[in-house]
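This is what each chain is made of:
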Amino acid sequence: MRTVLSVLVLAALAAAQSFDEVLPDTTIAYVSIEDIARTKERYEKSPLAALWKDDAMKAFTEKPLAKWAEWMEEMRKEEGITPDDVLAVLAGQFAFALVWGEGFDEPEGMVLADIGENGDKFKELVAKAEKNLVEEGGRKRDEQEFHGVKIVTYRRGEETSGASWMLDGKTVVLGQNAELLKDLLARKERKEDTLATRDLYKRTRARAGSRGPDLVIYADGVNLLKMLRESGEIEDEDMKIVSALGIAALEALELNFTIQPNGLVMRMFL
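This write-up is about the structure you can find in this document.

This part is about the nonpolar core. Among the nonpolar cores identified, the biggest contains 24 residues, and L23, Y30, M110, L112 and M166 are the most heavily contacted of them. Taken together, the elements giving at least two residues each to this core come down to β3 (94-99), β4 (108-114), β6 (149-155), α7 (178-190) and α8 (199-205). If one sorts the elements of this core by residue count, α7 sits on top with five residues. Ranked by size, the runner-up nonpolar core spans 18 residues in total, among them L125, V126, L133 and L174.

Next comes the structure, spelled out in structure tokens:
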């Protein structure tokens, strides 16, 4: 249930903005499907779709697909919603980010998703998920407003934080800390200190090419190393080894995948 809710939560930061424009510049990892509708369209026209639909593939796909349908039905009976239900409300960009910064003892994961005009469907899914969390999971539902946006949090016992979500326009955001959601809303208005304005990120992404990739995986080595040093995970003696191995010189990594009419193109930049 927690996985399904996590997918639901991070989809609400204004579809007009790319999610890298609201994430902090201290983001450690960023994984984004840039446009789900576009990716589906590209896939249907690609050799990958033709291969999947080929009769010769049925021997390999028939049993797994039947098992998946059985699992979905069991989940629907037990929890009310399934991953398929969640995927049905996604419309544009969908992303996962691992962020860290001042005030956070460790990296925090969050999901962001554009749901387009599927706001009513999303609210129906949330209502079903809440029933499971509150009535059966024993969590307390708290609600607060920040910059005109409602943030909902589910806490267990005396916990000071818990699974939180907000719907901002057509974007849903989900995380384990309401303060992080507030930070995104404030950053969205300031348009400063974001991942998109980070020079290292811009230089790395500029290498992606003119045809927008379908899937982007970005890792920030500088932020990761800084987080490990400030949290005490890596000490001065460890840094000598890290530097000697050349690991400290790896500033950033990007993998991106683009579906093209003649197949799948993967690019990697270090």
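This part is about the packing of aromatic side chains. Under the defined criterion, the tally for this structure stands at three aromatic pairs. Ring geometry for Y30 and Y201: centres 6.3 Å apart, planes at 70°, overall edge-to-face. With Y30 in strand β2 (residues 29-33) and Y201 in helix α8, the pair connects residues that are 171 residues apart, well separated along the chain. Ring geometry for Y201 versus Y218: centroids 4.9 Å apart, planes at 90°, classification edge-to-face. Linking Y201 in helix α8 with Y218 in strand β9 (residues 215-220), this pair joins segments that are 17 residues apart in sequence. Neither Y201 nor Y218 differs from the other in exposure class; each is buried. Here the aromatic residues Y30, Y201 and Y218 are joined through ring pairs into a cluster of three or more.

Moving on to the pattern of salt bridges. Counted under the stated rule, the structure contains 14 salt bridges. The salt bridge involving K170 is made with E117; its shortest N-O contact spans 2.5 Å. On the criterion of sequence distance, the pair formed by K170 in the loop between β7 (163-168) and β8 (171-175) and E117 in the loop between β4 and α6 (119-136) is long-range, its members being 53 residues apart. Overall, K170 belongs to the partly exposed group, its relative accessible area being 36%. E117 gets classed as exposed once you look at its relative accessible area, which sits at 66%. Several salt bridges converge on common partners, so that one network encompasses E34, R205 and E254.

This part covers unusual backbone geometry. Backbone geometry places H147, a non-glycine residue, at a positive phi of 50°. Judged by its relative accessible area of 43%, H147 falls in the partly exposed class. In the Ramachandran plot, D193 falls in the positive-phi region, its phi being about 55° despite a non-glycine side chain. By the element assignment, D193 lies in the loop between α7 and α8. Of the residues examined, D193 reaches a relative accessible area of 42% and is grouped as partly exposed.

Okay, α7 next. Here α7 contains 13 residues, and its C-alpha end-to-end distance of 19 Å stays within 8% of the 18 Å for a straight helix at 1.5 Å per residue. What α7 keeps buried is the set A178, L180, L181, K182, L184, L185, A186, R187 and K188. Here the buried face of α7 lies against β3, β4, β5 (140-146), β6, β7 and β8. The backbone nitrogen of E179 has a side-chain oxygen 2.8 Å away, supplied by the residue at the start of α7, namely N177. Looking one or two places after α7, you find K191, whose phi comes out positive at around 60°.

Calculation criteria
Residues numbered from 1 in each chain as written. Predicted model: local features only at pLDDT ≥ 70, side-chain atom pairs only at ≥ 80, totals over all residues. Heavy atoms only, no water. Core = buried A, V, L, I, M, F, W, Y, C linked by side-chain atoms within 4.5 Å. Buried < 20%, exposed > 50% of the residue type's maximum accessible area, 1.4 Å probe, protein only. Helix = DSSP H or I, 4+ residues; strand = E, 2+ residues; numbered from the N terminus. Phe/Tyr/Trp six-rings, centres within 6.5 Å; stacked < 30°, edge-to-face > 60°. Salt bridge = Lys/Arg side-chain N within 4 Å of Asp/Glu carboxyl O. Expected span 1.5 Å × (residues − 1). Contact = heavy atoms within 4.5 Å. Polar contact = N/O pair within 3.5 Å; in protein donor to acceptor, adjacent residues only side chain to side chain.

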